[in-house]
Amino acid sequence: MPIADHERLVAYAPAAARRLRVFGAHVEAALVPARRQRVGAAVAERPPFARSRAARIVADECIWRGDGMALTPNAFPFAQGQRLLWPLVPLREPDAALWQAAFAWADAAGGAALVNNVGAASSIGRAHAHLCAERLPFLGALPERPCAADLIDVPAGAALVTKDVPFCLLGVRGPAAARALAVVRLAEARLTAAWNVVAQDGATWLLPRRAETPAPHFPHALGAAELWGRWCYVDEAAFASASDGDLEAALVAAGCPPLP
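Residues numbered from 1 in each chain as written. Predicted model: local features only at pLDDT ≥ 70, side-chain atom pairs only at ≥ 80, totals over all residues. Heavy atoms only, no water.

**Examining the sheet that holds strand β2 (residues 25–31)**
- Taking strand neighbours across the sheet as the criterion, the three strands line up as β1-β2-β13 in an open arrangement whose pairing is mixed. Only two strands of the sheet have a single partner each, and these edge strands are β1 (16–22) and β13 (230–233). Taking each pair of neighbouring strands and ignoring which way they run, the sheet shows an average axis angle of 25 degrees.
- Summarising the sheet, β1 and β2 pair through seven bridges and their orientation is antiparallel. Looking across to β2, one finds that arginine 19 is bridged to glutamate 28.
- The sheet strands contacting helix α7 (residues 244–254) are β1, β2 and β13, and the helix crosses β1 at an angle near 70 degrees. (Pairing = 2+ DSSP bridges. Helix = DSSP H or I, 4+ residues; strand = E, 2+ residues; numbered from the N terminus. Axes fitted to C-alpha atoms, helices over the stretch in contact; angles between N-to-C directions. Contact = heavy atoms within 4.5 Å.)

This is how it looks when you write it as structure tokens:
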């Protein structure tokens, strides 16, 4: 799968940006009003069903195809060098092959792979991963400890860790293939309907969700971008008024209690 940028990728160009601190680590608030145009965004008025756009996007916008997957640009990017990785066979959640391909790309590119699903900020039902050619410091700066909970049979070469924050943020460290298998097993163990996933620096971070839009702390559906450390706003007033405490409260409200 190609790592180099493609001429059809859409440039990330926020209208404004601010730096904040969340649980002691730096994050960025970004004003990206163009994302207001996304079809199917997770808002209160969204219907329970809509014709999927995934097949058309893959057919019309593909910039690479191989190994049962395809890459397309992201029309409304929230990161540098952002592209979407899709399975050619429709899946509701990624399988081991898609997880491994996304993690391996992030490791090789020195970037990140982000995944949302419906109920956790996704605007489309087919599984897909956001591949981003940059990395952010937020997750790496949070303190962590080994995970003592008996959740899965941990694959050889992988290790479970948890961030020491007041919500459940579970991590898997290890090679891409071992992490992919662990995430498949954790998807089966997951008792929430949805989660956000971020892979960066040889680790994969999982945020199980109990609320999609943690208003009033954050007025939009909270996604993997926010977990990664880039809080995307489409409204200037909300962007300008966002505080460290708002973002901390949003993560606690959106997530679940931490593991013991």
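**Overview of unusual backbone geometry**
- Here the residue pair alanine 215 and proline 216 is connected by a cis peptide bond, since its omega of 5 degrees sits within 30 degrees of zero.
- Along the chain, proline 216 falls in the loop between β12 (203–209) and α5 (224–228).
- Not every positive phi belongs to a glycine, and phenylalanine 23 is a case in point at roughly 50 degrees.
- Following the sequence through the fold, phenylalanine 23 ends up in the loop between β1 and β2.

**With respect to the layout of surface pockets**
- The volume enclosed by the largest pocket comes to roughly 800 Å³.
- Breaking the lining of the largest pocket down by element, the ones donating at least two residues are α1 (54–61), β5 (83–87) and α5.
- A per-class count over the lining of the largest pocket returns 20 nonpolar, nine polar and eight charged.
- Here the second largest pocket is characterised by a volume of approximately 420 Å³.
- A per-class count over the lining of the second largest pocket returns eight nonpolar, four polar and five charged. (1 Å grid on protein atoms, 1.4 Å probe; cavity = no way out; pocket = protein on both sides within 12 Å on 5 of 7 lines; lining within 4 Å. Points joined across faces, edges and corners; volume = space filled by probe spheres on them. Nonpolar A, V, L, I, M, F, W, Y, C, P; charged D, E, K, R; others polar.)

**Structural notes on the nonpolar core**
- Counting residues in each nonpolar core, the largest one holds 41 residues, and the members touching the most others are Leu114, Leu169, Trp228, Trp231 and Tyr233.
- When contributions to this core are tallied by element, the ones reaching two or more residues are β1, β2, β6 (112–115), α3 (138–141), β12, α5, β13 and α7.
- Here this core gets five residues from one element, more than from any other, and that element is β2.
- Counting residues in each nonpolar core, the second largest holds 33 residues, with Ile63, Trp99, Ala106 and Leu206 among its members. (Core = buried A, V, L, I, M, F, W, Y, C linked by side-chain atoms within 4.5 Å. Buried < 20%, exposed > 50% of the residue type's maximum accessible area, 1.4 Å probe, protein only.)

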